[in-house]
Each structure stands twice: as structure tokens, then as C-alpha cells.
Amino acid sequence: MMQTLAVEGYRSISSLVLGLERLTVVTGANGTGKSNLYRSLQLLADCGQGRMISSLARSGGLGSVRFAGEGPQPSPVSLRLGFASDSIGYAIDIGLPQVGDSMFRHDPEIKQEHIFAGDVLRPATTLLERRRGLVKADGVRLQQNMPAWQSVLDEQAGNESVPEAGAVRRELRSWRFHDAFRTDANAPARRPQVATRSFRLDDDGANLAAVLQTTIENGGEAEIALAAVHHAFKGSTLEIQGDASGLVAGLRQSGLARVMTAGELSDGTLQFLLLVAALTSVESPGLLVLNEPERSLHSSLMPALARLITQTSERTQTIVVTHHADLTRLLGGASVELRKSAARTTVAGREGRLDQPVWAWPKR
Ligand SMILES: Nc1ncnc2c1ncn2[C@@H]1O[C@H](COP(=O)(O)OP(=O)(O)OP(=O)(O)O)[C@@H](O)[C@H]1O
Ligand SMILES: [Mg+2]
């Protein structure tokens, strides 16, 4: 299970350490930094896909994501991200590039990466250490002149003498993020889909019907999926229809002579079906992060949504980012309230350093 997430130097988050439970609810008023936290975790997950630097460059580079507050800025400029689970931890430090004549001279650079055992990085718990181009494991040099844009997770994932690199990469690759799904008139989820078994929902929701049908045929979470729809839409039943053009999701509602298919459902109804598919899909992620899952849903759907998320968190560790008070109350669980103080994201109720979960960054 994931124990701690740490972010430093990402937009309004100048420094944040988050202790995690099976279900952690992150709340806070508009503009307190909830979506910044969500995006910084996506960036951390990108480290497992070898695309962290390019994702950062696409979101404006370090110059854009660094804290833009008044007063002295931390020096050197750095963005640091990390996690610690029961068994393994990882921390990455990204900084400004060295001056050079490359056309990519604005690309940020990886300055350091550490993989460690247990919950806190210390010299004694360090398993693998990368400082600029030099990579060492147990004090033994593994590689030198490693390019600043490449992560040890990619370079060393296949190295059997350091299985930790592959383990961290697998962990990060298993995380899944869901923000609002497309539900407009041309949304992919509204169109018929190829009838092929689908174990996880595509980011754009295009395989909605196939994912739901796979869950139903697989048995595992089928009951949760069907009950969630029944609970949310007062006695309606989920029906997947198939013909020559493919599969399409639909709802059989009382008072209607035929099933309403995805193309005909309201935006909120379709959004809820997409969440059901995402949360009950056969392939369950290592960590599921939902950003404002209540978006475009009416308050009356909150009990059904809260039950669905709570049931999901029993098999998958889940973080829910929301500013919906009813949803927060219904979810119960551990809740963390973000506030803004002097333009920085802070956690309510944490006055001193001792209130923070334990975390240590490597020194530059
Ligand atoms: N580089 C930056 N430095 C400092 N603050 C920043 C930077 N970029 C964005 N912000 C601040 O982050 C805030 C937006 O944070 P975010 O989008 O995470 O809010 P939120 O809690 O998700 O709000 P909402 O509930 O409205 O979605 C804004 O107040 C903005 O001023
Ligand atoms: Mg937001």
C-alpha cells in the first residue's frame, strides 16, 4: 500500500507531504491547489512511462510550473516528487538545464533520483542513487554519463542486479487517473464500439460498453457495477446491446418502451456510467486518483457515487480530490483539507513540522 506522497515546487504547492490511507479524500475551496496536486501526481506517474520531461515541457516547462509567489525564490530551482509504499520509495529532483547549444536547451533536467527501501530515504535505506550522470547501487557504480533527460527507471528496469528500478517503474505504471470524461454530443463513449474484451477504460471513455460487458461477464465486480446504476437511477438497469456495428451501453428505465443508448443519455448519466466502468473494470490499478468525480452530477447522485467509490477502495487504494461537501461527508475516510496561505498550498491543522508525515529529500 502507498504510505506517503511528496511534492515540492509544483505551482502553488511549494511543499506538501501527504499520508495516505486506503481511501484519502482531498478537499479544499476553489484555487487551493487540489488540481495542482492531481497534476503533480500525474507527472510522478509519467516517470514510470519515460515521459516526465516531455509532459513537463508540454505544460510550460519548469519556468511555468515553479512557484510564482512574491519574495525570494528557492535556489536552485527544483521540482521534487516522490512516493513511499510499504516496500519501496522513489524520489526525483528536476532542475534547470545546463547552458548548452541544443535546440532543447529549455528542457528541464533530471538532477537526482533515489530508490529506497521502507518509508524514509536515508543513507542506510538507499538502494539506488543517481546524481546527474552517475548511477550507483550499494556504492557500486552502475553507469556514468547518463543523459539528463533519461530516468534510471527506464535505463535500469531490465537490469537484474537492481530489481528495484523495475519494481518502481511497475508501481508507477499501475497508477490510474480520471478527470472529467467527455460526454458532449460527439463523445467517443456515445458511439458503438468494437466488441473486444476490455479490461480497463480508455482515457476518452471510447470503450465504455466493452469494459462494462467485460466486467459483467467476468463476474468479479459485476454486482457492484449493476447495483451502482440501479442505486443512482432509481430502478434503471444497465444493458449492453450488441449488433453488427458493435457494442453500445444503454439504460432500461421505467416508463420507456425501449433502452436508451449512450447516444441518447444525458451528460450526467453518461458521466456516471463512465465512472462505473472506470472503477469496476477487471484490471484494477495500484493507485486510483479521481479529480472531482462529482462534476456534472446532481447532488442526488452523491450517495450512489460515494458507495461506488467506497466499495472500489476496498480493493484499490484510492485518492479522491473534491470540493463537494456532501461527497466528502458521505465518503468518510481520511480527509485532508487544503488551504491557501500567502499564495501557497497548505494543509489545514498542520501547525508545526511534527504534524507532517515523515519524509526526507536527498540533498543536492
Ligand atoms: N506557478 C504557480 N505558482 C504559484 N501559484 C500557482 C502557479 N500556477 C497556478 N497557481 C495557483 O494555483 C491555483 C489553482 O490551483 P488548482 O487549480 O489546483 O485549484 P483547485 O483547488 O483545483 O481549485 P478548483 O476547486 O477551482 O478546481 C490558482 O490559485 C493559481 O493562482
Ligand atoms: Mg480543480
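The structure displayed is predicted, hence computed values, not measured ones. (Residues numbered from 1 in each chain as written. Chains lettered and ligands numbered in written order. Predicted model: local features only at pLDDT ≥ 70, side-chain atom pairs only at ≥ 80, totals over all residues. Heavy atoms only, no water.)

1. Some points on the sheet that holds strand β1 (residues 2–8)
Reading across the sheet, the eight strands line up as β2-β1-β4-β5-β6-β7-β8-β9 and stay open at both edges, with antiparallel pairing between neighbours. Edge positions in the sheet fall to β2 (16–19) and β9 (140–143), since each has one partner strand and no second. Taken pair by pair, the neighbouring strands of this sheet meet at an average axis angle of 15°, ignoring direction. Summarising the sheet, β1 and strand β4 (residues 78–85) pair through six bridges and their orientation is antiparallel. Each bridged residue has a counterpart across the sheet, and for Met2 the counterpart in β4 is Ser85. Against the sheet, helix α5 (residues 163–173) engages β1, β4, β5 (88–95), β6 (109–117) and β7 (126–131), with an angle of about 85° to β5. (Pairing = 2+ DSSP bridges. Helix = DSSP H or I, 4+ residues; strand = E, 2+ residues; numbered from the N terminus. Axes fitted to C-alpha atoms, helices over the stretch in contact; angles between N-to-C directions. Contact = heavy atoms within 4.5 Å.)

2. Thoughts on the sheet that holds strand β14 (residues 287–291)
One open sheet holds the six strands; their spatial order is β10-β14-β15-β3-β16-β17, and the pairing between them is mixed. Two strands bound the open sheet, and with one partner strand each, they are β10 (175–178) and β17 (344–347). Pairwise comparison of adjacent strand axes, ignoring direction, gives a mean angle of 20° for this sheet. When β10 meets β14, the two strands line up parallel, connected through four bridges. Bridging from a neighbouring strand, Arg176 pairs with Leu288 of β14. Packing of helix α9 (residues 302–313) onto the sheet brings it into contact with β3 (23–28), β14 and β15 (317–321), and relative to β15 it is tilted by some 145°.

3. Remarks on the domain arrangement of the chain
In terms of domain boundaries, the chain breaks down into domain 1 (2–174 + 337–355) and domain 2 (179–332). The gap between the C-alpha centroids of domain 1 and domain 2 is 32 Å. Taken together, the contact between domain 1 and domain 2 spans 17 residues of the former and 23 residues of the latter. Buried area between domain 1 and domain 2, both sides added, is near 1700 Å², and the carbon and sulfur share of it is 56%. Counting the surface domain 1 buries against domain 2, the share from its top three residues, Arg22, Leu23 and Tyr38, is 38%. Summed over the shared surface of domain 1 and domain 2, the number is zero salt bridges. Our count for the domain 1 to domain 2 interface comes out at 10 residue pairs in polar contact (both at pLDDT 80 or more). In the side of domain 1 that touches domain 2, the residues fall into eight nonpolar, six polar and three charged. (Domains from an automatic or database assignment. Buried area = accessible area lost by both parts, 1.4 Å probe. Salt bridge = Lys/Arg side-chain N within 4 Å of Asp/Glu carboxyl O. Polar contact = N/O pair within 3.5 Å; in protein donor to acceptor, adjacent residues only side chain to side chain. Nonpolar A, V, L, I, M, F, W, Y, C, P; charged D, E, K, R; others polar.)

4. What about the packing of aromatic side chains?
A complete count under the given rule lists six aromatic pairs for this structure. Seen in terms of ring centroids, Phe83 and Trp175 are 5.6 Å apart; in terms of plane orientation they differ by 65°. Their pairing is edge-to-face. Here Phe83 is found in strand β4, whereas its partner Trp175 is found in strand β10, with 92 residues between them in sequence. Taken as a pair, Phe83 and Trp175 share a single burial class, namely buried. Each member of the aromatic cluster is reached from another via a ring pair, and the members are Phe83, Tyr90 and Trp175. (Phe/Tyr/Trp six-rings, centres within 6.5 Å; stacked < 30°, edge-to-face > 60°. Buried < 20%, exposed > 50% of the residue type's maximum accessible area, 1.4 Å probe, protein only.)

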